[in-house]
Amino acid sequence: MTSQIDHLLNETRRFAPSAEFAENAVASGELYAEAGADREAFWGRQARELLDWQTPFTQVLDWTNPPFAQWFADGTLNVAYNCLDRHVAAGNGDRVALLWEGEPGDERRITYAELTDEVKRLANVLTGLGIVAGDRVAIYLPMIPEAIAAMLAVARLGAIHSVVFGGFSADSLRSRIDDAGAKLVITADGGYRKGKVSALKPAVDLALADRNGSGVQETVEHVLVVRRGGNDVDWTEGRDIWWHDAVPAASAEHEAEAFPAENPLFILYTSGTTGKPKGILHTSGGYLTQVAATHRNVFDLHPESDVYWCTADVGWITGHSYVAYGPLANGATQVLYEGTPDSPHPGRWWEIIQKYGVTIFYTAPTAIRSFMKIGRQVPAQFDLTSLRVLGSVGEPINPEAWVWYRSVIGADRTPIVDTWWQTETGAIMISALPGVTETKPGSAQVPQPGITIDVVDESGTHVGNGNGGLLVVTEPWPSMLRGIWGDPERFVETYWEKFADRGYYFAGDGARLDEDGDIWLLGRVDDVMNVSGHRLSTAEIESALVANEAVAEAAVVGASDETTGQAVVAFVIIKENYLKQHSPEGLVSSLRGWVGEQIGPIARPRDVYIVGELPKTRSGKIMRRLLRDVAEGREVGDTTTLADTMVMSVISAQVK
Ligand code: WTA
């Protein structure tokens, strides 16, 4: 089978940085030359300049036992000290770290000095509960400042956090607690979502109660509970502790001990091709170096003047790297928002940008497309002129959404950085630099300085410009995953076996190099279809569909087909006014023709289904596997990880 991914779409719009932006930019094009000349020296300089080390490292990289890398291994540092104390020591204690906005509209401004104080008290509480370096602590909290404080206090002690997204069920929480063997759970009574308190503590109680006869040894000794929603909770005496009783009463004196650079920092569970989530393990020095460097360079961070906002929840890797660690290591001021984008009104995000004067905004394509669906009249009611850099992450951003983002949110002025990376990579790997790169809508473009990426065929051979293939990272990088918790074989097998002879990391994504060598992501390779021997990307066809003025959202799958091997099947959400004015039959046939025109006859969908919703995970990713079940007329598979588990029955009914 060929791994050439036929690319048929052509996007020719270009946006160069303004002279003014380029002149004041943090990162210059010289970084590429420096990293190209000596990659390890480049990362060594980043680590020394961006972080404070207790013991300086003497070796940048030890790659003698691939794929198990060690970065800065003989250096020692404290991650929390780097995110907090040192900013206070440098005279920036009064700078606001967190501009927190609760969904009901309550607010808290927390300075670096205040956050440092809170983390020191909490570290003393955790020590009192017996937490020592290497212990695992599960964090199951809403988007409140305590979530950040909890991560940092665990890190301060050299212990390992496992943040579990607050939207996950008791079952998911339990399997994560068990896999990591967590000793402590930090949670809240609840948090605000869509105008209501969504409870958390009951899920923890359920996760910890249901063990009788399961044979699983309980590892959790205590549950530390933040009061947020104010609702009643069941209480287990001796096990449960209120945060507001313990933390304010603890001493604010706490000396941060330095730990080796390879000391584990966190485990974060992510789904793979099998049912069992993988506990992706990250360590300290290399991780913090790359998140700090990329946060500074990619977002052009000027910490004295910028107000940064990343909308990701701390339950995802983006919330770890670009809410917690990157911004705090860099001494940034950032907005933290508890709720949903449309509560209590559809302009809530834009209102927050106006209120706090946000200058750098980082969100996901799925959010951008849902705002496109509502229409530009909503953001138009708010003053968004403070914005100067916009970022995108999580899935390919189609050129139409990219252009809408730049024009409607960015007033045709702000650079957009489309950042490609993964839970496994820990930090941004591919992205434009906003003062350097001439951007192309829809392309993530270039590897970051010091990162080596290639697009190869099945044999690992470079495909050359103008061709598609598989995305690989050819050399180790500082924030790379160090393993899968408790499963080194799965780590080797999942990421390193495919190109073992070359030592490449296989990311699982398809990509194309354009004539300039810029990288265009084409989605997961399992989402790549083979139609009559042509490999087509689901992302590419979806991009063509949403470029049609009638379409609000689209998901495409390959369904097996007797004639063509696979056939393209599209599920589309039609904008309301089009639905009123056109017949479904007319819309379906015009969309089939449209894709044929946009990409080529080979890409024309066999079936187009008009639906009201698409099945999405809680992080907003479309679950194409379930749509494939519908397209192939099978019983729909496991829907438990969907944000809305009912949506598949609605879609199945609509398709019939
Ligand atoms: C996809 C999120 C295209 C990709 C940080 C990757 C992207 C997976 C982009 C990782 C992007 C992420 N363009 N695709 N800018 N960013 N992806 O682990 O398929 O939640 O492999 O990390 O998201 O998702 P994860």
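Source: prediction; values computed, not measured. (Residues numbered from 1 in each chain as written. Predicted model: local features only at pLDDT ≥ 70, side-chain atom pairs only at ≥ 80, totals over all residues. Heavy atoms only, no water.)

Chemist: Please set out the sheet that holds strand S12 (residues 240–242) residue by residue, giving values where relevant.
Modeler: Spatial ordering of the open sheet is given by S12-S11-S8-S6-S7-S14-S15-S23, a layout of 8 strands whose pairing is mixed. Bordering the open sheet on either side are S12 and strand S23 (483–484), each of which pairs with just one other strand. Both strand S8 (residues 184–188) and strand S11 (residues 222–226) contribute to a ladder of 5 bridges, which runs parallel. Note on S11: the bridge partner recorded for Ala188 is Val226. (Pairing = 2+ DSSP bridges. Helix = DSSP H or I, 4+ residues; strand = E, 2+ residues; numbered from the N terminus.)

Chemist: I'd like a description of the environment of Val358, backed by residues and values.
Modeler: Structurally, the position occupied by Val358 is in the loop between helix H13 (348–356) and strand S18 (360–363). If near-sequence neighbours (up to four positions away) are discounted, Val358 is found in contact with Val307, Trp309, Val335, Ile352, Ile353, Ser386 and Leu387. (Contact = heavy atoms within 4.5 Å.)

Chemist: Before we move on, can you summarise the confidence of the model for the chain with the specific residues and values?
Modeler: On average, residues of the chain score 93 in pLDDT, and 96% of them are at 70 or above. Throughout residues 1–8 the model reports pLDDT below 50, and contacts reaching past four residues in sequence, or to other chains, amount to 34 contacts. (pLDDT = per-residue confidence, 0-100.)

Chemist: Outline helix H11 (residues 285–298), listing residues and values.
Modeler: For H11, which comprises 14 residues, the first-to-last C-alpha distance of 20 Å matches the rise-based estimate of 20 Å (1.5 Å per residue) to within 8%. Most of H11 is tucked away: 13 of the 14 residues are buried. In the segment just after H11, Asp300 is the residue with positive phi, at about 55°. (Expected span 1.5 Å × (residues − 1). Buried < 20%, exposed > 50% of the residue type's maximum accessible area, 1.4 Å probe, protein only.)

Chemist: Just give me the short version of the nonpolar core, but keep the residues and values in it.
Modeler: Counting residues in each nonpolar core, the largest one holds 140 residues, and the members touching the most others are Leu115, Leu126, Leu152, Tyr325 and Leu471. For this core, the leading source of residues is helix H7 (residues 145–156), giving 9 residues. Leaving out residues up to four positions away in the same chain, Leu152 has contacts with Ala80, Cys83, Leu84, Leu115, Val119, Tyr325 and Leu328. Of all hydrophobic cores here, the second largest spans 29 residues; its members include Trp350, Val358, Trp402 and Trp404. (Core = buried A, V, L, I, M, F, W, Y, C linked by side-chain atoms within 4.5 Å.)

Chemist: Give a description of empty space enclosed by the protein that names residues and reports values.
Modeler: A complete count under the given rule lists 2 cavities of 30 Å³ or more for this structure. One number sums up the size of the largest cavity: a volume of about 50 Å³. As for the largest cavity, its lining consists of Leu77, Asn78, Val79, Ala155, Gly158, Ala159, Phe259, Asn263, Pro264, Leu265 and Ser284. Class assignment for the residues of the lining of the largest cavity results in 7 nonpolar, 4 polar and no charged. Taken as a whole, the second largest cavity spans an internal volume of roughly 40 Å³. As for the second largest cavity, its lining consists of Leu31, Phe42, Trp43, Ala293, Thr294, Asn297, Gln448 and Pro449. (1 Å grid on protein atoms, 1.4 Å probe; cavity = no way out; pocket = protein on both sides within 12 Å on 5 of 7 lines; lining within 4 Å. Points joined across faces, edges and corners; volume = space filled by probe spheres on them. Nonpolar A, V, L, I, M, F, W, Y, C, P; charged D, E, K, R; others polar.)

Chemist: I'd like a rundown of unusual backbone geometry, residues and numbers included.
Modeler: Of note, the amide linkage connecting Pro66 to Pro67 takes the cis form, showing an omega dihedral of 0°. Looking along the chain, the bond that leaves Ser343 and enters Pro344 is cis, with omega of 0°. Here Pro344 shows up in the loop between strand S17 (333–337) and H13. In this structure, Phe72 is a non-glycine residue whose phi angle is positive, near 55°. Of note, Phe72 is situated in the loop between strand S2 (70–71) and strand S3 (76–77). Residue classification places Phe72 among the buried positions, given a relative accessible area of 0%. Of note, the phi angle at Ala411 is positive, near 50°, even though the residue is not glycine. Here Ala411 lies in the loop between helix H15 (399–409) and strand S20 (416–419).

Chemist: Describe the layout of surface pockets, listing the residues and the values that go with them.
Modeler: Here the second largest pocket defines a volume of roughly 320 Å³. Along its surface, the second largest pocket is lined by 17 residues, and Ser18, Phe21, Arg388, Arg413 and Pro415 are the ones closest to its centre. Per element, the largest residue contribution to the lining of the second largest pocket is 3 residues, and it comes from helix H1 (residues 19–24). In terms of residue class, the lining of the second largest pocket is made up of 6 nonpolar, 6 polar and 5 charged.

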